[in-house]
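# Close look at the chain arrangement
Spelled out from the first residue to the last, the chains are:
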Amino acid sequence: MTGAAMRDLATTGKHLVLIGMMGAGKTTVGVECARRLGRAFVDTDELVTRTARMTVEGIFADGGESRFRRLEHGVVADVCASPEPLVIACGGGAVLDPENRRALRVAGVVVWLRAPAATLLSRVGDGSTRPLLRDDPAGALERLERLREPAYEAAAHARVDTDALDIAAVAGAVLSVFAGAAA
Ligand code: S3P
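Cut-offs applied
- Residues numbered from 1 in each chain as written.
- Predicted model: local features only at pLDDT ≥ 70, side-chain atom pairs only at ≥ 80, totals over all residues.
- Heavy atoms only, no water.
- Phe/Tyr/Trp six-rings, centres within 6.5 Å; stacked < 30°, edge-to-face > 60°.
- Buried < 20%, exposed > 50% of the residue type's maximum accessible area, 1.4 Å probe, protein only.
- Helix = DSSP H or I, 4+ residues; strand = E, 2+ residues; numbered from the N terminus.
- Lys NZ or Arg CZ within 6 Å of the ring centre and 35° of its normal.
- Near = heavy atom within 4 Å.
- Polar contact = N/O pair within 3.5 Å; in protein donor to acceptor, adjacent residues only side chain to side chain.
- Areas by Shrake-Rupley, 256 points an atom, 1.4 Å probe, with all protein chains shown as cover.

Within the structure shown, the criterion is met by 2 aromatic pairs. Judged by centre distance (5.2 Å) and plane angle (40 degrees), the ring pair of phenylalanine 60 and phenylalanine 68 falls under tilted. Considered together, phenylalanine 60 and phenylalanine 68 belong to a single accessibility category, that of buried residues. Relative to tyrosine 152, the ring of tryptophan 112 lies with its centre 5.6 Å away and its plane at 35 degrees, an arrangement referred to as tilted. On the criterion of sequence distance, the pair formed by tryptophan 112 in strand E4 (residues 108-114) and tyrosine 152 in helix H7 (residues 137-155) is long-range, its members being 40 residues apart. An identical accessibility class is assigned to tryptophan 112 and tyrosine 152; each is buried. Across the ring face of tryptophan 112, the terminal group of arginine 114 is positioned such that the distance to the ring centre comes to 5.5 Å. The residue whose ring lies beneath arginine 159 is tryptophan 112, and the NZ or CZ to ring-centre distance is 5.6 Å.

Structure representation (structure tokens):
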């Protein structure tokens, strides 16, 4: 993509929203896309932990997944409402909530990053910082992915299969999709 095309893209009003499973590369790819677009990058998990002044594990331990989802819901509404166009990486479960899906689709171009189960597993390690993976990361990833596919499908304007692509190539694919959808 040319520099001029990238500048046009950077100034479209739509957020670029990345969704997908834990370990799909949303944060890494999001940071790279934001760098190329000259936009700010936000990660909903980071905003949730900042709001709660607690780690994700702490929030789950304290108030369960429901507390985490409530905080996440508020963060999604806030980032969608940002007048500054952003690159937004969503926590893997953010689009299970139909209101979050609707808000993200209205405010942004939503791109689903999909990676094979083995890749997800290699990226999340022992899952110790992700409460939903704690006991059995491999089994939990497989189960959650099966359960969540319909929500990702419903939320996404486009999907990028990241198999065998490095970060730069995934970011390039995401930005092509974004250019097409935001045009
Ligand atoms: C979750 C994914 C995590 C984090 C929380 C729950 C999920 O974010 O929001 O542990 O339900 O898939 P990442 O997808 O950034 O790991």
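Having put the structure on the table, let's press on.
Bringing the site of the ligand into the picture now. What surrounds the ligand is a group of 13 residues, the closest being Lys26, Asp45, Arg69, Arg130 and Arg148. Backbone polar atom of glycine 92 to an oxygen atom of the ligand: 2.9 Å apart, as the coordinates give it. Arginine 130 has a polar side-chain atom sitting 2.7 Å from an oxygen atom of the ligand. Starting from 380 Å² of accessible surface for the ligand in isolation, the protein chains cover 95%. Element by element, the count of residues in the shell around the ligand is highest for helix H4 (residues 56-80), at 3 residues.

Leave glycine aside and you will find that most residues have negative phi; peptide bonds, for their part, are mostly trans. The phi dihedral of arginine 53 is positive, around 50 degrees, even though this residue is not glycine. Turning to its location among the elements, arginine 53 is positioned in the loop between helix H3 (44-52) and H4. By relative accessible area, arginine 53 is classed as exposed at 77%. Of note in the backbone geometry, alanine 164 takes a positive phi value of approximately 65 degrees without being a glycine.

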